[in-house]
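Examining the three-dimensional arrangement
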Amino acid sequence: MIFASGIAPHWRTQHTVPVMMRQVIYSLLPGITAYIWFFGIGVAVNCLIAAVVAALTEASALLIRGRPVKLFLSDYSAIVTAILLALCLPVVTPWWVTASGSFFAIAVAKHLYGGLGFNVFNPAMAGYVAIMVSFPEYMTHWTAPNIGDIDYQPLSALATLQYIFTGVLPDSLTIDAISRATPLDTVKTELGMMLTMGEIRANPLFGDLGGRGWEWINSAYALGGFWLLFRGIIRWHVPVALLGSLLVMAGAGYIIDPATHPGAGFHVFSGGTLLCAFFIATDPVTCTTTNTGRLIYGAGIGILIFMIRTWGSYADGVAFAILLMNMTVPLIDRYTRPKVYGRPPTGKEQRSHG
Amino acid sequence: MCPQTNKPAAYDPQPPRPEWGIRPPTRKTGSLKLPILEASPPRWVVIPIEQCLGVSARAIVTPGQHVLTGEPIAQADSVTGTDPGPKLHASISGEVIGIENNMVPGTSAHREPCIVIRSDGKDETYSEYKNLGDPLQMDAGKICTLIAEAGIVGLGGALFSTAAKLQNSSGIRMLILNGAECEPYITCDEMLLRERARKVARGAQIMMRALGAPDTVIAIESDMPEARVAIYDAIEELGDDRIHESVVTAKYPAGGERQIIQLVMGEEVPEGALQNDIGYVCHNVATAAAIAEFFDEGRPLISRIVTVTGGGIETARNVDVRIGTIMADLFELIGGYYDVSSHLIMGGPMMGVCLPNDELPVTKATNCLIIMKSRELSPPRQEMPCIRCGECNQVCPAQLLPQELLTASKQHDMEALDTLGLNACIECGCCDYVCPSYIPLTAQFTSTKLEFRAHESGMQRAAHARERYEARASRLQQEQAERDKQLQEQVDAVSGTDSIDAVMKRVASRDKKP
Amino acid sequence: MLLAVLVMGGLAVLIAAALGLATSWLSADGNDAVEQINALLPQTQCGQCGFPGCRPYAEALAAGTANINQCPPGGDATIKALGRLLGKKPVAPDPAYGLQKPQCVAVITENACIGCALCLEACPVDAILGAAHFMHTVISAECTGCKLCVAPCPVDCIDLKNLA
């Protein structure tokens, strides 16, 4: 009998890149569902716009670069980038803002650096920062959650669609009328106006931990994150280090001065903290590779998030924290190498002979 | 070593569980159901002449000659220069039909000279090896000579001359017998330990005598409880308290030589050194059993246990098969193929070699033959770029960073490869197994190692040439200094207090004299 | 406005000074540098780089008067290693200094050798065995293939054989 040939090893993992990316998308679904429940279908529309633009951009970039289009398109990495970007944007963001962000993320932050596996900066965060500084006004049009007992009439689904695609609102409304500050925005502005945390938290927008609605969405993200941990798609080091350092810093701030620091629960359950901890910071391409390195990386992001929120001028520092720590990844990788078998444990880089 | 008891570390009730390694499905139950089958001698055998690592061998029989089972038919050269080269023996009795080039199992489909013997149906034994005497009374040198005479080489797959390995050892603290069969599918060592543990223990005694080692430890994995009991009973029966048993975690690749030393003894073999240098010698349990068989029964190495398994074979089992049996005949013997299969792998699924057909002979290195159907293999996928997930870094048993090694090897960056420790790679395939991008890491590292070693030997030659150059430069300098000194002495001897003018006057006055 | 300019200018001066001091304090000691560079060169002492041997080339590199791509026997690997040590970008080997050729050893045709001992003097690593009026032979294991012995031989009895 004749047999086929192959090279060892003959067994490989079932966790291929498309499988990993699909699992990430599935574990984002609880969060997206909660988001739609509280804020309407705008987020789903944004995800769709971003995903379509991302896929087209990726296909074009691959064609221009002469790379196999089907192989790289079918690994879903562009879709994941697009969804993560869309989840950071306000619900009523115009379609062309979302599209620009998605285009920048894929074409500039990913393919100009070499494509999958070669980018230094997280593409979703790079895209977010690009539209944040280019179209700052549109990035402040956050809406309030649909929780019934505040003085707010949410936009209907049709009106949301109409505004996203045409920029036209129903007759009686202006964009200022439907925009509200996010909980993080509120905290920042009102602390600046010298109110105490007690007074700020009396606002009906605030729930037990974070903002109302937002804390449910973040909990759903955490649920998805635990699913990824359980399946072994991500490892615990980055989320634990990130949340741990943020808890320590926020807790310390709260203990030192509870009137001007919102406290650990608020920090963890508002803004994009949990999305970042489980989905964005754990992006394998832009993260460090060794476990020690991951602990340092996660801790750095947590500290930077706290610093930017407390002392910086942006309400939520997640995107900038990620990009700043992305810059340090090669350095961290260089200095957190484990000891090779058979070499004595020293602090310096070892050579086999002098 | 466990500091409290001063015994191998794995005596602790909780064997150390390393961070490295993987736990693939073991697929061993199929071939463990039936006892070892003693295969009847086949009608003909094709025995490759070179079955010792690193040395060439010559046939000592001629076509047409009649040989008995166990008669020497080839002699290999010495490995180190001081050890006796191992012999090769006829595995059946009959007539030597010829010495021909045949395809042999290996990484490439190459042809090697083989001795072909046709059976005469009688299986008469060569009786010169019976009654050799009590090996525990012989001196070490004699034991090694007899081991080479028996043709015993490392049966874990390496085929290194056992006599050479036993001979060049002094200051050995512990003999480690490696029964930790970590690769999936392979069960030949486990069955050997279940059924013939006494031979393994007896072999340990003989090897301890040859090495001068005070203790032996037989290492097995935690998923071999029957083998564990069998070894315990065998040691009790022999009544030798120098032989110990140790259980290591059932992870792949716990059975690698460096890894087993790390797990059992808690020490690492330093880079560039051998296990002997830290006082340990590792041998496979089957090698020990073969030694016992030779000294106690007069049977040289003419057969070995092979696991035949996989979805494509009718009955999976372990067979004690004569060396040189054609694989197709072996499969027929145990019931034939179950179905058309896509791959025949010699070894395990992690490090095994794909064979082109089943007309190849069983050699001393054949520990397992897996007839795999395509659904038992991972479907091939196109390689994608490294997504830096770091899974390979988690599983490497040598604590290397395969992800960074890949970058360095693609850039041919020799310094980085040195810093990252490429030479410590044991090519186990764990990094390939976990890679989501299906990058052929092990193959890349195997080929890079050649380039790296060429570069390293170039650097060593350069250092050597620099020493010679500097030696020559200093020699020339010294010669020049001596010449200058001599010249100066001559000048000093002549000059004294006279100047040139006085000398000229003296010469002139001398000339003037009548 | 003035304050801003003064602050930025002052910072620039401070940082430049710090960097300059660091370069001089933390740089390798003179002799050490030459040793380290010499350790990376292939030691064929062939002179193709334009210097009479590997050490003079190393000294020139340390002084900054030579380029890192002048050594043909070293090839790309040496250029990369030198670039890393000296903080220079690796460049392609300079063809003006010769091309990298495969490793070879010198072999003396013994029939033609007249025992003149001129090649003994020429070999930088003393790889030729012999004496005046006695047969000369090359110790292949020590020969680096530098070809310096070929020119002095008056009867052209030295050939170079490829090792590959």
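It should be emphasised that the depicted structure is a prediction, and the values quoted were computed from it without experimental measurement. (Residues numbered from 1 in each chain as written. Chains lettered and ligands numbered in written order. Predicted model: local features only at pLDDT ≥ 70, side-chain atom pairs only at ≥ 80, totals over all residues.)

1. Observations regarding the pairing of strand 13 (residues 303-309) of chain B
All names here are of chain B. The following threshold applies: Around each residue's C-beta, the other C-beta atoms within 10 Å are counted; 20 or more make the residue buried, 12 or fewer make it exposed, and counts in between make it partly exposed. All C-beta atoms are placed from the backbone. Secondary structure elements follow DSSP: runs of H or I of four or more residues count as helices, runs of E of two or more count as strands, with numbering from the N terminus. If DSSP finds at least two bridges between two strands, the strands pair.
Buried residues dominate strand 13, accounting for 7 of its 7 residues. Both faces of strand 13 are covered, namely the face carrying Ser303, Ile305, Thr307 and Thr309 and the face carrying Arg304, Val306 and Val308. In this structure, strand 13 lies alongside strand 14 (residues 317-322), joined through 6 bridges in antiparallel fashion. Bridging across to strand 14, Thr307 finds its partner in Asn318.

2. Some thoughts on the nonpolar core
Rules: The term nonpolar core refers to a group of buried residues, namely Ala, Val, Leu, Ile, Met, Phe, Trp, Tyr and Cys, whose C-beta atoms join them within 7 Å. Here, residues touch in the contact sense if the C-beta positions derived from the backbone fall within 7 Å of one another.
Ile83(A), Leu175(B) and Ile176(B) are the most contacted members of the largest nonpolar core, which has 245 residues in total. Per element, the largest residue contribution to this core is 13 residues, and it comes from helix 4 (residues 188-211) of chain B. Among all residues touching Ile176(B), those that are not within four sequence positions of it are Val217(B), Ala219(B), Ile260(B), Ile261(B), Val264(B), Tyr280(B), Val281(B) and Cys282(B).

3. Examining the pairing of strand 8 (residues 111-119) of chain B
Alignment of strand 2 (residues 44-48) of chain B against strand 8 of chain B, held across 5 bridges, turns out to be antiparallel. Residue pairing in the sheet places Val46(B) in a bridge with Val116(B) of strand 8 of chain B.

4. Regarding the interface of chain B and chain A
Going by this rule: For this classification, Asp, Glu, Lys and Arg are treated as charged, while Ala, Val, Leu, Ile, Met, Phe, Trp, Tyr, Cys and Pro are nonpolar and the rest, including Gly, are polar.
Every contact between the two is made by 55 residues of chain B and, on the other side, 38 residues of chain A. Among the secondary structure elements, those contributing two or more residues to the side of chain B that touches chain A are strand 15 (343-346), strand 16 (353-355), helix 11 (414-420), helix 12 (430-434) and helix 13 (441-495) of chain B. Among the residues forming the side of chain B that touches chain A, the class breakdown is 30 nonpolar, 17 polar and 8 charged.

5. Things to note about the interface of chain B and chain C
The interface of chain B with chain C comprises 10 residues on the first partner and 13 residues on the second. Put simply, the parts of the chain that give the side of chain B that touches chain C at least two residues each are helix 11 and helix 13 of chain B. The greatest single-element share of the side of chain B that touches chain C, amounting to 7 residues, is contributed by helix 13 of chain B. For the side of chain B that touches chain C, the class distribution of residues is 4 nonpolar, 1 polar and 5 charged.

6. Considering the confidence of the model for chain C
We count it as follows: The score called pLDDT rates the predictor's confidence residue by residue, from a low of 0 to a high of 100.
Put simply, chain C has an average pLDDT of 87, and 96% of its residues get 70 or more. Confidence metrics for the complex model read pTM 0.86 and ipTM 0.88.

7. With respect to the packing of helix 1 (residues 17-39) of chain A against helix 2 (residues 42-65) of chain A
Relative placement of two packed helices is described by the angle separating their axes and the distance separating the axes. All names here are of chain A. So the rule is basically this: Inter-axis angles, ranging from 0 to 180 degrees, are taken between N-to-C directions of lines fitted to C-alpha atoms, where helices are fitted over the stretch in contact. Here the word oblique covers every angle except those under 35 degrees (roughly parallel), over 145 (roughly antiparallel) and from 65 to 115 (roughly perpendicular).
Where helix 1 contacts helix 2, the two axes come as close as 8 Å, and the packing angle between them is 130°. Relative to helix 2, the element helix 1 is oriented oblique. Contacts from Ile32, Tyr35, Ile36 and Phe39 in helix 1 reach Gly42, Val43 and Ala44 in helix 2. Among the residues making up the contact of helix 1 with helix 2, the classes are represented as 6 nonpolar, 1 polar and no charged.

8. Things to note about the domain arrangement of chain C
One frequently used descriptor of interface size is the decrease in accessible area upon assembly of the parts. Residues and elements named next belong to chain C. Here is the rule we go by: The source of the domain bounds is an automatic or database domain assignment.
Segmenting chain C into domains produces domain 1 (29-101) and domain 2 (102-164). Each partner contributes to the interface: domain 1 provides 6 residues, whereas domain 2 provides 7 residues. Considering only residue class, the side of domain 1 that touches domain 2 consists of 1 nonpolar, 4 polar and 1 charged.

9. Some details on the sheet that holds strand 13 of chain B
All names here are of chain B. Pairing is mixed across the open sheet formed by 6 strands, whose spatial order is 1-14-13-17-15-16. Edge positions in the open sheet fall to strand 1 (37-38) and strand 16, since each of these has one partner strand only. By the bridge criterion, 3 bridges tie strand 13 to strand 17 (residues 368-372) in an arrangement that is parallel. From the neighbouring strand, Val308 faces strand 17, where its bridge partner is Leu369.

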